[in-house]
Amino acid sequence: MSPASTGASTTVGAVTSVPSSDSRMAPGGPGYRRMSFALFLAGVATFALLYSTQALLPLISGEFGVAASEASWTVAAATGGLALFVLPMSALSERYGRRTVMTASLAVAVGVGVLVPFAPSLGWLVVLRGVQGAALAGLPASATAYLAEEVRPRALITAIGLFVAGNSVGGMSGRVITGWVAQEWGWRVALGVIGAVAVACAVAFRLLLPAPKHFAPGSLRPRVLARTVRDHLANPLLCRLYAIGALFMTVFGGVYTVIGYRLTEEPFSLPQGIVGSIFLVYLVGTVSASTAGRLVGRLGRRGALYLAGGTTATGLLLSLADSLPLVLLGLVLITAGFFAGHAVASSAVSKTATTGRAQASALYQSAYYIGSSAGSTVGATAFHAGGWAGTVGVGVLAVLGVVTITVFGTRAARLAARRGPVAAH
């Protein structure tokens, strides 16, 4: 998830100086550590639950006797639910409060998480995962808004970084833990363990998170929200950025949904625990995302997107080899390229939107998770039809889409520059 997350009604950086009487939290001040740790735990719980079935798909396929394309719906339903509900949840947090929405979201999500291991059929598993994803939409819709309101501007980037770190740690550790637990006791026990971890995180989050002091509730005005969304969707640059985020996530979602099948089959035949550990490659993404700012400084936004797309495409092609070291190298490049491209696109959204930044970011998140759902289902269907080469083909087409959109954006920017500086982004 990008730092420019959803639901933030406050324009970050609008305050250029902070008086000494500022009562908002800051490092070393009262409540700051509790707040940081609480949101870190919320991030861990959110992403551990959201992608909890991804490393387990071969086992789920085996128990229910279904193909990868059908089992992948346990991932697509969760990310799709989040994509559909992130914008409404951002509106609810404006009316009922950030902490209230985050607490309710986690409570519902972990409650469903306790039920997920007992799903009697694949259909019920998909339904429960969809409900879980919809509930989790309240976290990205509220966390950054809470931070923007309760933390001093100079400490905001650090605070958001801890929340994002929780996202990545939860996403990675959830997949690794489920892989090793499932190898010994099966996928149902593995999901039960993740559910228990999420319950503990949710309880600690509610106990630790300080009560908001600077939240001012607003009214739910559907017409205003609809007008803001319409204006964003009428902005060509924002639409290009939404499409780029969705396409990058299509690659990433497809690859990591299917990679378990690829590595448990011939010629690799790796055990489930080792397959789950493959997700440690996510650490590469943490590094590449953190260097995205420097890439943009050297190459410009479009140059950084070209580099990210090229890196991702190279990784896809390398992963075709029947050599485990080359497959792993391919995953490293895919992960590095994806996280860099995602960081560039998501940060550009917040810079491009001059009004309604909360909704602009919410739309990006929606497109991002729609891409994840599409990648999971289309990538798995392609794998069922043509093996790993089919999944790679889908990924390459998505990268070509990124490059095409970026080329179009470059031409549009040059044309706008000739017409005058007002239209040039």
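This text follows the structure it describes.
Residue numbers here run from 1 along each chain, matching the order of that chain's written sequence. A pLDDT threshold of at least 70 governs which residues receive local features in this predicted model, and a stricter bar of 80 or more applies before side-chain atom pairs are shown or counted, although totals over entire chains, interfaces and linings include all residues. As a rule here, side-chain values cover all heavy atoms of the structure and leave hydrogens and water aside.

Check the secondary structure of the protein chain and you find 17 helices and 0 strands. With a 1.4 Å probe rolled over the protein chains alone, any residue whose accessible area is under 20% of its type maximum counts as buried; one over 50% counts as exposed, and the rest are partly exposed. When each of the 425 residues of the protein chain is scored for burial, the buried share is 55%. Residue contacts follow a heavy-atom distance rule, with two residues in contact if any of their heavy atoms lie within 4.5 Å. The long-range fraction of contacts in the protein chain, counting pairs at least 24 apart against all pairs at least 6 apart in sequence, stands at 84%. Put simply, the protein chain shows about 17,200 Å² of open surface, and 67% of that area lies on carbon and sulfur atoms. Helix and strand assignments follow DSSP, with helices taken as H or I runs no shorter than four residues and strands as E runs no shorter than two, numbered in order from the N terminus. Accessibility throughout is a Shrake-Rupley quantity obtained with a 1.4 Å probe, and a residue counts as covered only by protein chains that appear here.

Our focus in this paragraph is the environment of S346. As for its placement among the helices and strands, S346 is situated in helix α15 (residues 324–352). The exposure class of S346 is buried, given its relative accessible area of 4%. It is 7.3 Å that separates the C-alpha atoms of S346 and G245, two residues lying 101 residues apart in sequence.

In this structure, M35, L39 and Y256 are the most contacted members of the largest nonpolar core, which totals 116 residues. The element best represented in this core is helix α11 (residues 236–264), accounting for 16 residues. Residues belong to one nonpolar core when they are buried, are Ala, Val, Leu, Ile, Met, Phe, Trp, Tyr or Cys, and are joined through side-chain atoms within 4.5 Å.

Aromatic pairing here means that ring centres of Phe, Tyr or Trp (its six-membered ring) are within 6.5 Å. Orientation follows from the plane angle: under 30 degrees is stacked, over 60 is edge-to-face, and everything else is tilted. Under the definition given, this model contains 12 aromatic pairs. Pairing F47 with Y51 gives two aromatic rings, centres 6.3 Å apart and planes at 35°, and the pair type is tilted. A residue is classified by how much of its surface remains accessible, and F47, at 8% relative accessible area, is buried. Relative to Y368, the ring of Y364 lies with its centre 6.1 Å away and its plane at 25°, an arrangement referred to as stacked.

The linkage connecting E266 with the following residue, P267, adopts the cis geometry, with an omega of 5°. Note on placement: P267 falls in the loop between α11 and α12 (272–277). Here S269, not a glycine, exhibits a phi torsion of approximately 50°, which is positive. Assignment of secondary structure puts S269 in the loop between α11 and α12. A residue is classified by how much of its surface remains accessible, and S269, at 38% relative accessible area, is partly exposed.

This next bit is on the pattern of salt bridges. Salt bridges are counted wherever a side-chain nitrogen of Lys or Arg sits within 4 Å of a carboxyl oxygen of Asp or Glu. For the structure on display, the rule yields 2 salt bridges. The shortest N-O distance in the salt bridge between R188 and E63 comes to 2.8 Å. Separated by 125 residues along the polypeptide, R188 in helix α9 (residues 187–208) and E63 in helix α2 (residues 57–64) bring together distant segments of the chain. Residue class for E63 comes out partly exposed when judged on its relative accessible area of 42%. Salt-bridge contacts for R262 lead to D322; the nearest nitrogen and oxygen are separated by 3.6 Å. Taken together, the positions of R262 in helix α11 and D322 in the loop between α14 (292–318) and α15 put the pair 60 residues apart, joining distant regions of the chain.

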